[in-house]
Amino acid sequence: MKASSKRLLRAALLALPVLGLAACGSAPTQPERPAAKPAPAAKPSAPVADKGDPQQRFDAALELMKNNDAQQAEAELTALTKDFPQFSGPWTNLGILYAKSKRRDAAINAFTRAATLNPANAAAFNWLGILNREAGNYDRARLAYEKALQADPGDPLARLNYAILLDQYLKQPQAALVQYKEYQSRTGKEDLRVMAWVAELESRLKAATPAAPAVPAPAEKTP
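Residues numbered from 1 in each chain as written. Predicted model: local features only at pLDDT ≥ 70, side-chain atom pairs only at ≥ 80, totals over all residues. Heavy atoms only, no water.

### Focus: the overall build of the protein chain
The helix and strand inventory of the protein chain stands at ten helices and zero strands. Listed N to C, the secondary structure of the protein chain is α-α-α-α-α-α-α-α-α-α in terms of helices and strands. The buried share among the 223 residues of the protein chain stands at 35%. Across the protein chain, the fraction of contacts at a sequence separation of at least 24, relative to all contacts at a separation of at least 6, is 57%. Total accessible area computed for the protein chain in this model is approximately 14,100 Å², and 55% of it derives from carbon and sulfur atoms. (Helix = DSSP H or I, 4+ residues; strand = E, 2+ residues; numbered from the N terminus. Buried < 20%, exposed > 50% of the residue type's maximum accessible area, 1.4 Å probe, protein only. Contact = heavy atoms within 4.5 Å. Areas by Shrake-Rupley, 256 points an atom, 1.4 Å probe, with all protein chains shown as cover.)

### Some points on the side chain of S88
Counting through the fold element by element, S88 comes out in helix 4 (residues 88-100). S88 gets classed as buried once you look at its relative accessible area, which sits at 0%.

### Digging into unusual backbone geometry
Across the chain, the bulk of peptide bonds are trans and the bulk of non-glycine residues have phi less than zero. Not every positive phi belongs to a glycine, and N68 is a case in point at roughly 65 degrees. Residue placement: N68 occurs in the loop between helix 2 (54-66) and helix 3 (70-83). When its relative accessible area of 68% is taken as the criterion, N68 is described as exposed.

### Let's talk about the environment of T92
Looking at the secondary structure, you find T92 in helix 4. Along the primary structure T92 and A110 are separated by 18 residues, whereas in three dimensions their C-alpha atoms are 6.5 Å apart.

### Brief notes about the packing of aromatic side chains
Aromatic rings considered in pairs are described by the distance between their centres and by the relative angle of their planes. Applying the stated criterion across every chain, the model contains five aromatic pairs. Ring geometry for Y145 versus Y162: centroids 6.4 Å apart, planes at 45 degrees, classification tilted. Here Y145, found in helix 7 (residues 138-151), pairs with Y162, found in helix 8 (residues 156-169); they are 17 residues apart in sequence, far enough to count as distant. Residue class for Y145 comes out buried when judged on its relative accessible area of 2%. Aromatic pair Y180 and W197: ring centres 5.8 Å apart, planes at 50 degrees, arrangement tilted. Here W197 lies in helix 10 (residues 192-208) and Y180 lies in helix 9 (residues 173-187), a separation of 17 residues in the sequence. Residue classification places W197 among the buried residues on the basis of a relative accessible area of 5%. (Phe/Tyr/Trp six-rings, centres within 6.5 Å; stacked < 30°, edge-to-face > 60°.)

Put into structure tokens, the structure is as follows:
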């Protein structure tokens, strides 16, 4: 596979936002036992600020992303992560904005937070695979792709990125071939690029396989 073709493919994969809050809250804490003596009456507390509807705010942030207003979208998503830190979606999309603006460390931190909040967030793991691969952390990238596929075996982007990692970076053609074919099987479409890569790998593996030695024919017995 040509490196330039793969770079174009990876660039296309970087532009996809995640459409959903992907909420995953933590387990509730145990209530404290009441004191033996009644506590004094509490002073009236200040009114709690209305943080608004998280889904509406999230949808508005996504609309800003679609309209390429990255600066305002980042501000809205950052506010969402502070007001509703239990949701995975805002962290994921904030990570996308960081990644697209070349802030790799911040992006990795955001995607890690998103994946921690929701271990079924395949998109966050896929991005962690992309970013770790770009940083040269191939083992971490492989682990991230594998977690993405555990969360969603049918995710075509994670499957294809995993195959590319195995093919071009980890130099494991046989394993890469399995993933390319799984990608083809699950998508059910003829991707000419992947078809060419599969043919190349099959040809290379066939050439590397030593031919079986010819078995000599048994000598005829003379009368």
